[in-house]
Amino acid sequence: MARWCYRHRLVVLLLWVGALVGVGFSASTAGTNYANVFSLPDTDSKTAYDLMQKAFPNTSGDTDTVVWKADSGSVTDQAVKDRVQPALDKIAKLPGVGAVTSPYAGARGSAQISKDGTIAYAQLTFTKRANEIPKEQVQKVLDTAQAAERSGLQVELGGQAIQRVQEPPQGLSEMVGIIAAAVVLFLAFGSFFAMTLPIAIAVFGVGMGLFSTQLLSHTTDIPDIAPLLASLIGLGVGIDYALFIVTRHRRGILRGMDPEESAVTALNTSGRAVLFAGGTVCIALAGMLVTRLHFLDGVVIGTSLTVVLSVLAATTLLPALLGFLGPRVLSRRQRRRLAAEGPEPEKASGLAARWSANVEKRPRRIAVLAVVVMAVLAIPVLSLRLGATDQGNDDASTTTRKAYDLLAEGFGPGFNGPLQVVSVGGDTAKLVQGLQSTPGVAQVAELPPSQGVTVIQVVPTTSPQSKETDDLIDTLRDQVIPKAGAQAHVGGVTAVSKDFASVTGDRLPLFIGTIITLGFLLLLVAFRSLVVPLTAAVMNLIAAAASFGVLVAVFQWGWGLDLLGLGKEGPINAFLPVIMLSLLFGLSMDYQVFLVSRMHEEWVHTKDNARAVRVGLAETSRVINSAALIMVCVFLAFVLSGDSGAAMAGVGLAAAVALDAFILRTALVPAAMHLLGRSNWWLPAWLDKRLPHLAVEPQEPAAAVDPAEPTGPGTAIHGFVRTPGGDPVEAASVTVMSKGGRQLDRVTSLADGSYIVSVPAPGAYLLAVTSASYGSKARHVTVAEGPVVYDVELTGDEVDAVN
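Residues numbered from 1 in each chain as written. Predicted model: local features only at pLDDT ≥ 70, side-chain atom pairs only at ≥ 80, totals over all residues. Heavy atoms only, no water.

A few words on the overall build of the chain. Scanning the chain from N- to C-terminus turns up 24 helices and 18 strands. If you line up the chain on its principal axes, its C-alpha atoms span 110 × 55 × 45 Å. The contacts of the chain with a sequence gap of at least 6 include a subset with a gap of at least 24, amounting to 76%. With the model as given, the accessible surface of the chain reaches about 34,400 Å², and the carbon-plus-sulfur share is 58%. Charge centroids of the chain, computed over 62 positive and 66 negative side chains, lie 5 Å from each other. (Helix = DSSP H or I, 4+ residues; strand = E, 2+ residues; numbered from the N terminus. Contact = heavy atoms within 4.5 Å. Areas by Shrake-Rupley, 256 points an atom, 1.4 Å probe, with all protein chains shown as cover. Lys, Arg positive; Asp, Glu negative; His and termini not counted. Charge placed at Lys NZ, Arg CZ, Asp CG, Glu CD.)

Right, here's the structure in full:
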């Protein structure tokens, strides 16, 4: 498939462009129909909601609020009325506005004026839901209301429609994330063309995913946060997957391969790993379905679809783009050096090799340090409180936050989230008396009954997000209502949020157990080891605890919120743990597969655990860290989205990826594998026979063997190249030849002097080692069953070479 896409690159590119334009045109024509459906069966708030829907069918329009405050005098003064009432009358005539309820209209309006007479509010009912109202219409409402302001008179607006107007332009966070990723890619590749490849793949994958999700919103319930989360995860995985493949392709060209063969090899190796990694991300996302929270079904659809399309772009569009670029995927300096000096040997970078050697020398110290850092970061998670954010968490400079604060000042903190006690039988009068005498209740108002249903509005003395309000809901349900002998249920937005958090918390253990089990089974089959997947599961739990600790410290404790411009502290969104854990487990699996597959390959060749861990870390840590840095930039950019849920997810995932890549995969995992030794690769024989064989990368074709040479199971010679003083010799050429003089394998020693060469079977071979600085040496080595350790000492003044 890769070769076909490479050779028919123009066809592939036109197909992708045509698909993107076609789906984009269809989506823009159809518009959006996102729906936040909180279906919580068997909960008290859901029962209350159903009864209210039956007796008091709500209008379809969104209800927002205009709030004003007089610094001196009263809002009932004629001077204030003459400023505000004409503005309200004008708003009532604007397109999209259905009705305006003024506090100046009769005796009923007096309830909309605070007791001290300094604050009043009017309710605006739009003709449509908030996400269906054109922003231009809402902006006219906002401008008309705020035009009534003067010195000593403050006018603010709150509500979902108003909140949409003050959000940053759509695509701002995505654009900032792409620019940040482009900078990291340019520093990593040193080539403008190579930098554009992962960006192009991410743009096509995310673009197709978002347009498709928008079209699907007309056929199923998809929440409005799904596109934000889909673009967040799609940009991250799209850029990362393309980075893995392009890195492999560039390495092939630098080693002298033809660009087409290099692209085919890269797709047939790293491309397979990308397919495996994308599948694990989708499986982790699908784990959200076990929670049976229908609100998350649309999130699973949007994010999974975007990941699938990103993988498809990386495996079909990317080889076509590689065909257009050819050798220009390298920087000019690399192309000149390749032309002048020929292919360069593959070797790990000095810093990566030195760090890998350091982990091998001090595994206990590094493991303890990493565990301490993660444990300290995880401490705040002990005070995690799930809930829902509202406009009280907006930035202090926004009009929605100012309106929220004015309503709380004039009518009490609980006014922004009243409870609705829905009664269908029993002594309603006694229930009202019980509610009025309950501590924590500021105001009780009984509405006229309809169809046997009575709604009693209860305003708490505390804010909707406070723990005291949650305790009040429990008190009403468990004590007040049963004591009054009434058949009643507690509903309202605040009660729904509390029930949603409770249901999520109850189902979280099942969800975590499901995705950990699935990840364990996948790694068990891929690496044929019990310890490697078990280590990965433990590391994932550690990363999740530490990242949620960071999330609690920032959003619940308020550390750095002002610096980030993220408003006021509050509880963590109830749906966030499920979404974050799905993404975290999926993404960390990518890094685990990339790291351990290289270690596993080395282990299969040498059966030397220390070498396998050292070489695997040295050769993959740079790519893993580059990929993680890109993801951190993309995720942090979503702080600019204007959506508190997306900002929470962005900060939490950025922390999770940074901790996972820079501490766990680079330090704790290799240190633990050094301490565990050969047991890393233990698998009972009976289980090995029953497990299916799954290779993340294809087997290399077997080298041709001379019939005169011994045949049998392949093995290896490995060791270190050092000076007489014990210093490692880097970049020494190590060649193994048959007795007949045919070259069987040739490698270059790493920064720590280590090397490994493969031989086809047990027998006698010639090992030749050459270094420009230290001369040459050759020795006969006899290989029996299993790998042979052979260290070579080079001197600077003696040449002992075999021609």
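It is worth spelling out the pattern of salt bridges at this point. Applying the stated criterion to the full structure yields 15 salt bridges. Note that R477 is salt-bridged to D499, the shortest N-O span being 2.9 Å. Residue R477 is located in helix α17 (residues 467-484), and its partner D499 is located in helix α18 (residues 493-527); the two are separated by 22 residues in the primary sequence. (Salt bridge = Lys/Arg side-chain N within 4 Å of Asp/Glu carboxyl O.)

With that settled, the discussion passes to the pairing of strand β15 (residues 763-771). Counting buried positions along β15 gives 7 out of 9 residues, so the element sits mostly inside the fold. Looking at chain direction, strand β12 (residues 733-737) and β15 are connected through 5 bridges and run antiparallel. Bridged to M737 within β15 is L766. With 9 bridges joining them, β15 and strand β16 (residues 775-783) adopt antiparallel strand pairing. Bridge pairing in β16 places L767 opposite R779. (Buried < 20%, exposed > 50% of the residue type's maximum accessible area, 1.4 Å probe, protein only. Pairing = 2+ DSSP bridges.)

The strand order across the open sheet built from 4 strands is β7-β8-β6-β9, with neighbouring strands paired in antiparallel fashion. Among the strands making up the open sheet, the edge pair consists of β7 (441-446) and β9 (487-491). Taken over all neighbouring pairs, the strand axes of this sheet differ in orientation by 20° on average, direction set aside. Two strands pair when backbone bridges link them, and strand β6 (residues 419-425) and β9 are joined in this way by 5 bridges, in the antiparallel orientation. (Axes fitted to C-alpha atoms, helices over the stretch in contact; angles between N-to-C directions.)

A few words now on the confidence of the model for the chain. In the predicted model, the chain carries a mean pLDDT of 84, and 92% of its residues have values of at least 70. For residues 700-712, every residue scores under 50 in pLDDT, and the model assigns this stretch 15 contacts once sequence neighbours within four places are set aside. Note that residues 798-803 has pLDDT below 50 and, in this model, 9 contacts with residues that lie over four places away or in other chains. (pLDDT = per-residue confidence, 0-100.)

Glancing now at the packing of α18 against helix α21 (residues 576-606). The N-to-C vectors of α18 and α21 enclose an angle of 15°; their axes lie 11 Å apart at closest approach. Classified by the interaxial angle, the pair formed by α18 and α21 is roughly parallel. At the point where α18 passes α21, the crossing takes the right-handed sense. Along its contact with α18, which presents T504, L508, F511, I512, I515, I516, G519, L523 and F527, the element α21 presents P577, V578, L581, S582, F585, M589, Q592, V593, V596, S597 and H600. Taken together, the residues that form the contact of α18 with α21 break down as 14 nonpolar, 6 polar and no charged. (Parallel < 35°, antiparallel > 145°, perpendicular 65-115°, else oblique. Left-handed = near helix turned anticlockwise from the far one by under 90°. Nonpolar A, V, L, I, M, F, W, Y, C, P; charged D, E, K, R; others polar.)

Moving on to the side chain of S771. Mapped onto the elements of the fold, S771 is located in strand β15. Among the residues examined, S771 registers a relative accessible area of 10% and is labelled buried. Each residue touching S771, except ones within four places of it in the same chain, is listed here: V729, A732, S776 and L794.

Our focus in this paragraph is the packing of aromatic side chains. Using the criterion set out here, one finds 8 aromatic pairs in the structure. Among the aromatic residues, those joined into a ring-pair cluster are Y121, F411 and F415. In this structure, R9 packs its charged tip against the face of Y6, placed 5.4 Å from the ring centre. For the cation-ring pair, R328 lies above F193, with the distance from its terminal atom to the ring centre recorded as 5.4 Å. (Phe/Tyr/Trp six-rings, centres within 6.5 Å; stacked < 30°, edge-to-face > 60°. Lys NZ or Arg CZ within 6 Å of the ring centre and 35° of its normal.)

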